Every structure is written in C-alpha cells, then in structure tokens.
Amino acid sequence: SSVIFVERDGSRRVVEFADGESLMQAGTRAGVDGIIGECGGSCMCATCHVYVAEDDDGKLPEPDSMEADALEFTALNVRPTSRLGCQVKLSAALDGLTVTVAEA
Ligand code: FES
C-alpha cells in the first residue's frame, strides 16, 4: 500500500508503507521534504505536521487528546485537517491517502 505526500514545493511523492507504520515513519524513511520527526514520535515537536486531503479526512480516527493538545500548542499554521504524522497509524485501508506537508 502507499501514501502520497505533497511537499511544500508541490512535488508529489508516492511512498510505500508497511502495515502499522506511522505516517511520520513512512515520510522520514522516504526522505519526504519537511517531514522530520524530531521527537521520534512522542507528540512533542510537530515536525511531522501534515494536512490530510479533504476527501481522506473521514478515513482517519479523530486525534486523541495528546495529539490535539500538541496541534494546539506546538504546531503552526494549523487547519481543520491538520494531523501529526507520528500519530497516524497506516494500514491497508488507508492505501492512497494523500497528505500535504504543513506550512513551515
Ligand atoms: Fe514529533 Fe510527531 S514526530 S510530534
């Protein structure tokens, strides 16, 4: 299965993922520009911030309170479709998910 990252310059990167991997892990492994994962996935850095495509937003469970707090207090340029990539667990059901790297 694969996920599509749209980088800040508009480039589209199709990244294969393994079931159970996080969106941040898939993005950093593939070297997607702007996905850094500085805190290692512990909801502290927001360097994995993405916007989920409107059509795909309903496919994901709502952010839990830790992720919601990190979005509120740590992330910049937050939108209604913002997610922290380290908290989005990928599975085959999410094949084709499209996310845009958040504005810096
Ligand atoms: Fe740090 Fe997601 S990797 S908040």
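Residues numbered from 1 in each chain as written. Predicted model: local features only at pLDDT ≥ 70, side-chain atom pairs only at ≥ 80, totals over all residues.

## Description of the confidence of the model for the protein chain
For the protein chain, per-residue confidence averages 97 on the pLDDT scale, and residues scoring 70 or more make up 100% of the total. Interface confidence for the predicted complex, given as ipTM, is 0.99, next to a pTM of 0.96. (pLDDT = per-residue confidence, 0-100.)

## Re the environment of Ser-82
On the secondary structure map, Ser-82 appears in strand β4 (residues 82-84). Residues Ser-82 and Ala-53, spaced 29 residues apart in sequence, show a C-alpha to C-alpha distance of 9.5 Å. Dropping the residues within four chain positions of it, Ser-82 is found in contact with His-49, Tyr-51, Leu-71, Ala-75 and Ala-102. (Helix = DSSP H or I, 4+ residues; strand = E, 2+ residues; numbered from the N terminus. Contact = placed C-beta atoms within 7 Å.)

## Some words on the nonpolar core
Core analysis: the largest hydrophobic core is formed by 22 residues, its most contacted members being Val-3, Leu-23, Cys-48, Val-50, Leu-90, Val-99 and Val-101. Broken down by secondary-structure element, the contributors of at least two residues to this core are β1 (2-6), α1 (23-29), β3 (49-52) and β5 (98-101). (Core = buried A, V, L, I, M, F, W, Y, C linked by C-beta atoms within 7 Å. Buried ≥ 20, exposed ≤ 12 C-beta atoms within 10 Å, placed from the backbone.)

## Re the environment of Pro-80
Its place among the elements puts Pro-80 in the loop between α2 (65-73) and β4. Looking at Pro-80, the number of C-beta atoms within 10 Å reads 8, which means it is exposed. Measuring from C-alpha to C-alpha, the distance between Pro-80 and Tyr-51 comes to 8.3 Å, with 29 residues separating the pair along the chain.

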